[in-house]
Amino acid sequence: MPELPEVETVARLIRPHLLGRTITAASVAWKRTIGAQSVAAFERAVLGARFESVERRAKYIVMNFHGGGALVCHLRMTGRIHVEPAGWDPGKFAKVRLDLDSGRAFHFIDVRKFGRLEFVRDPAQKLAELGPEPLGPEFTAAWFERALAERSRALKPLLLDQTFLAGLGNIYVDESLHRAGLHPLASSSSVDSAAAARLHAEIRAVLAEAIEREGSSFDVFYRTPEGNPGSFQHQFRVYGRGGEPCRACGTPIERSVVGQRGTHVCPKCQPRPRRRGRKARRGSQRSKG
DNA sequence: ATCCTATCCTGGCTGC
DNA sequence: TGCAGCCAGGATAGGA
């Protein structure tokens, strides 16, 4: 499903088609896609608007308009964006169409209808609750170590919490935890300094590598706006590899459910914590608080 | 504070 | 080949 690397890829690919372009017509085929706003109000708001910038924040694509206001898009699980020549057929799952003065049209397409394309006056306000960007300057190893220590939640649900750290989803959490040798159920407060630094580095590394490969496509849903699948799925170490040998040690990857999410762990590389919420006993660190 | 469950959706898969 | 039933999951709301 689209996580930070996939959303970044989409933003990069649609940006050149949108910058400086004006919306000349708008139509909405599925009302819930545009959020709480009425179709009439949405169309009124975007008609004549000119794209000034296209950014990514967490898993959101923020398309700012000249003079204020923005379209904020979340692909959720199956959302896709295409900017294609006017005659292009977006298919039966098309939800919103925005015609551009370039002769192209912006299409928001979504099989499962969970995705959103909302017009907001103040995107900063809408995105205010999000945690730091994992690839941004705020996300330092020191901040991360402290933030983990300040809570006592299982690592996986915490990393999926967008108000804690913004942009990771199920795939990249599983991959990061495996690469750092940490179990998804380990308590955040039990993570010592060295492990926090390791996890910090692996989160950044896995996201950067995935962006380089234009994200992951493991089903028919995620495609870049150019219609291509990403290729990072070939680098997965645990995600979707239940029963297959760990690439590091050969032990079969175990699949379980953590926080309602399919979860993939190498039982040897990521030993299960003996007790939740307590510091690991051996080789303990000397952290001062 | 943290955890758990239900909700939103439908294509694709499994099993009969 | 058909079909019922289950699964996937990001975000959010509400309850324990």
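These numbers come from a predicted model, not from an experiment.

> Break down the sheet that holds strand S1 (residues 23-28) for me, with residues and values.
The four strands are arranged S1-S6-S7-S5 in an open sheet whose pairing can be described as antiparallel. Two strands close off the open sheet at either side, each with one partner strand: S1 and strand S5 (79-85). Neighbour-to-neighbour, the strand axes of the sheet open up by a mean angle of 15°, direction not taken into account. The pairing of strand S6 (residues 94-100) with strand S7 (residues 104-110) spans five bridges and is classified as antiparallel. Within S7, the position partnered with valine 96 by the bridge is phenylalanine 108. Each of S5, S6 and S7 touches helix H1 (residues 4-18); the most contacted strand, S5, lies at about 30° to it. Against the sheet, helix H2 (residues 39-46) engages S1 and S6, with an angle of about 165° to S1.

> Describe the domain arrangement of chain A, naming the residues involved and giving the relevant values.
Once the domains are mapped, chain A shows domain 1 (4-126) and domain 2 (141-265). Computed over C-alpha atoms, the centres of domain 1 and domain 2 are 28 Å apart. Opposite the 20 residues of domain 1 that make contact, domain 2 presents 20 residues. Summed over both sides, the interface of domain 1 with domain 2 buries roughly 1,600 Å², with 67% coming from carbon and sulfur. Ranking the residues of domain 1 by area buried against domain 2 places Pro5, Glu6 and Leu13 at the top, with a combined share of 32%. In this assembly, domain 1 and domain 2 are joined by zero salt bridges. Where domain 1 meets domain 2, there are four residue pairs in polar contact (both at pLDDT 80 or more). For the side of domain 1 that touches domain 2, the secondary-structure elements that each account for two or more residues are H1 and S5. A total of nine residues in the side of domain 1 that touches domain 2 trace back to one element, the largest contributor, which is H1. In the side of domain 1 that touches domain 2, the residues fall into nine nonpolar, three polar and eight charged.

> If you had to explain the packing of aromatic side chains to someone new, which residues and values would you point to?
Counted by the stated rule, this structure contains ten aromatic pairs. Between the aromatic rings of phenylalanine 65 and phenylalanine 119, the centroid separation amounts to 6.2 Å while the plane-to-plane angle is 20°, which identifies the pairing as stacked. Of the two residues, phenylalanine 65 is situated in strand S3 (residues 60-65) and phenylalanine 119 in strand S8 (residues 116-120); the sequence distance between them amounts to 54 residues. The pair formed by phenylalanine 65 and phenylalanine 119 is uniform in burial state, with each residue classed as buried. An aromatic cluster is built from Phe139, Trp143, Phe144 and Phe164, whose rings are joined through pairwise contacts. Across from the ring centre of tryptophan 30, 3.5 Å away, lies the NZ or CZ of lysine 113, which sits over that ring.

> Break down the pairing of strand S2 (residues 51-57) for me, citing the residues and quoting the values.
Where S2 and S3 come together, six bridges link them in antiparallel fashion. The residue bridging arginine 57 from the neighbouring strand is tyrosine 60, located in S3. As consecutive antiparallel partners, S2 and S3 are separated by two residues, and within that stretch alanine 58 has a phi angle of approximately 55°, a positive value.

Calculation notes
- Residues numbered from 1 in each chain as written.
- Chains lettered and ligands numbered in written order.
- Predicted model: local features only at pLDDT ≥ 70, side-chain atom pairs only at ≥ 80, totals over all residues.
- Heavy atoms only, no water.
- Pairing = 2+ DSSP bridges.
- Helix = DSSP H or I, 4+ residues; strand = E, 2+ residues; numbered from the N terminus.
- Axes fitted to C-alpha atoms, helices over the stretch in contact; angles between N-to-C directions.
- Contact = heavy atoms within 4.5 Å.
- Domains from an automatic or database assignment.
- Buried area = accessible area lost by both parts, 1.4 Å probe.
- Salt bridge = Lys/Arg side-chain N within 4 Å of Asp/Glu carboxyl O.
- Polar contact = N/O pair within 3.5 Å; in protein donor to acceptor, adjacent residues only side chain to side chain.
- Nonpolar A, V, L, I, M, F, W, Y, C, P; charged D, E, K, R; others polar.
- Phe/Tyr/Trp six-rings, centres within 6.5 Å; stacked < 30°, edge-to-face > 60°.
- Buried < 20%, exposed > 50% of the residue type's maximum accessible area, 1.4 Å probe, protein only.
- Lys NZ or Arg CZ within 6 Å of the ring centre and 35° of its normal.

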